[in-house]
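One-letter residues, chain by chain:
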Amino acid sequence: MLQYCVSLAKIYFMKFRIFFLAIFLGGTIYAVHAQTSASYNGTSDAEADAIINLLGVQKREAVAKMVPVSGKDSVAFWKIYDEYQKENKEVAKTRLTLYERTAQAYSNMTPAIADSLANQYFSNRFNQEKSLQEYYNKIKAATNPVIAFEFYQSEVYLLTLMRAQIMQQIPTYGQVMAAKK
């Protein structure tokens, strides 16, 4: 029982760290919104890489708590997981760019811009889900379906948590327009 409580405490601590990382990222994106399009050049590739790398380290630590693998399964799992993280770096950078574009578009939103942004978000989400399924299958083949399912659950949980926390920090277009009135 004590070991279970310690494990649970570690997971909550990891959630806490991810929460603050998401607040940092959300605050950065909100700051983008506060600047005018003319004065803002966007996140540099180096800044985006730093944000994504930091998030990747945090996620890996959280996944390690949620996917208990050992022995040969551990070696196979972490090798594939690291490939997954590397492949998904571009998807994450695209998502970050979309948050910035969304914030910039608030000052000049048109139906065409709104439709373009929505379709870019759909595409980004589709690519992420496709990659998640691909790596679920790779992990399942290299280890077993239970470990692959734990991977799937942990990734969906963390992605959902991070998205929700980021979106809580960014006002919707409707909220911005209502505040201007």
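Everything here concerns the structure above.
Residues numbered from 1 in each chain as written. Predicted model: local features only at pLDDT ≥ 70, side-chain atom pairs only at ≥ 80, totals over all residues. Heavy atoms only, no water.

Engineer: When you look at the overall build of the chain in this model, what are you seeing that I'm missing?
Structural biologist: From N to C terminus, the chain includes 7 helices and 0 strands. With 181 residues in all, the chain has 35% of them scored as buried. (Helix = DSSP H or I, 4+ residues; strand = E, 2+ residues; numbered from the N terminus. Buried < 20%, exposed > 50% of the residue type's maximum accessible area, 1.4 Å probe, protein only.)

Engineer: What's the story with the packing of aromatic side chains in this structure? I'm lost.
Structural biologist: A ring pair, where both rings are aromatic, is described by two values, the distance of the centres and the angle of the planes. In the structure shown here, the tally under the stated rule is 11 aromatic pairs. Between phenylalanine 77 and tryptophan 78 the ring centres are 4.7 Å apart and the planes differ by 85°, which places this aromatic pair in the edge-to-face class. Judged by relative accessible area, which is 0%, phenylalanine 77 ranks as buried. Measuring from ring centre to ring centre gives 5.4 Å for tryptophan 78 and tyrosine 81, while their planes differ by 80°; the resulting arrangement is edge-to-face. Residue tryptophan 78 and its partner tyrosine 81 are located together in helix H3 (residues 71–87), separated by 3 residues, close to a single helical turn. Note on tryptophan 78: relative accessible area 14%, which makes it buried. On the basis of relative accessibility, which here comes to 0%, the residue tyrosine 81 falls in the buried class. In textbook terms, an aromatic cluster arises when at least three aromatic residues are bridged by ring pairs, as seen for Phe77, Trp78, Tyr81, Tyr84, Tyr135 and Phe151. (Phe/Tyr/Trp six-rings, centres within 6.5 Å; stacked < 30°, edge-to-face > 60°.)

Engineer: Looking at this structure, I do not really get the packing of helix H2 (residues 45–66) against helix H4 (residues 89–105). What am I missing?
Structural biologist: The interhelical angle for the contact between H2 and H4, taken along N-to-C directions, is 115°, at an axis separation of 10 Å. You can see that H2 and H4 cross each other, and the crossing is right-handed. Of H4, the residues touching H2 (which contributes Asp45, Ala48, Asp49, Ile51, Ile52 and Asn53) are Lys89, Ala92, Lys93 and Leu96. In terms of residue class, the contact of H2 with H4 is made up of 5 nonpolar, 1 polar and 4 charged. (Axes fitted to C-alpha atoms, helices over the stretch in contact; angles between N-to-C directions. Left-handed = near helix turned anticlockwise from the far one by under 90°. Contact = heavy atoms within 4.5 Å. Nonpolar A, V, L, I, M, F, W, Y, C, P; charged D, E, K, R; others polar.)

Engineer: Looking at this structure, how should I read the environment of asparagine 88?
Structural biologist: Along the chain, the position of asparagine 88 falls in the loop between H3 and H4. The spacing of asparagine 88 and glutamine 128 is 40 residues in sequence and 7.2 Å in space, taken between C-alpha atoms.

Engineer: Any chance you could explain the pattern of salt bridges here in plain terms?
Structural biologist: Where charged atoms of side chains with opposite charge meet at close range, the side chains can pair. The final tally for this structure, using the stated rule, is 6 salt bridges. Its salt-bridge partner being lysine 93, residue aspartate 49 comes within 3.1 Å of it at the nearest N-O pair. A residue pair is termed long-range when its members are at least 10 positions apart, and aspartate 49 in helix H2 and lysine 93 in helix H4 qualify at 44 residues. On the basis of relative accessible area, lysine 93 is assigned to the buried category, the value being 14%. The residue glutamate 134 makes a salt bridge to lysine 138 at a minimum N-O spacing of 3.4 Å. With glutamate 134 and lysine 138 both in helix H5 (residues 111–142) and 4 residues apart, the pair spans about one turn of that helix. For glutamate 134, a relative accessible area of 33% translates into the label partly exposed. (Salt bridge = Lys/Arg side-chain N within 4 Å of Asp/Glu carboxyl O.)

Engineer: Mind showing me how you'd approach the nonpolar core here?
Structural biologist: Within soluble globular proteins, side chains that are nonpolar tend to cluster in buried spots. Judged by nonpolar contacts, the single largest core of 19 residues is most densely connected at Val63, Phe77, Tyr81, Tyr84, Ile139 and Phe151. Look past the residues within four positions of tyrosine 81 in its chain and what remains in contact with it is Lys59, Arg60, Val63, Phe151 and Glu155. Membership of the second largest hydrophobic core comes to 9 residues, among which are Tyr99, Ala105, Tyr121 and Val176. (Core = buried A, V, L, I, M, F, W, Y, C linked by side-chain atoms within 4.5 Å.)

Engineer: For this particular structure, what's the right way to read the side chain of arginine 95?
Structural biologist: Relative to the helices and strands, arginine 95 is located in helix H4. No salt bridge forms around the buried arginine 95; measuring N to O, its nearest opposite-charge neighbour glutamate 129 is 7.9 Å away. Separated by 3.1 Å, the side chains of arginine 95 and asparagine 124 make a polar contact. What arginine 95 contacts, discounting residues up to four positions off in sequence, is Tyr121, Asn124, Arg125 and Arg163. (Lys, Arg positive; Asp, Glu negative; His and termini not counted. Polar contact = N/O pair within 3.5 Å; in protein donor to acceptor, adjacent residues only side chain to side chain.)

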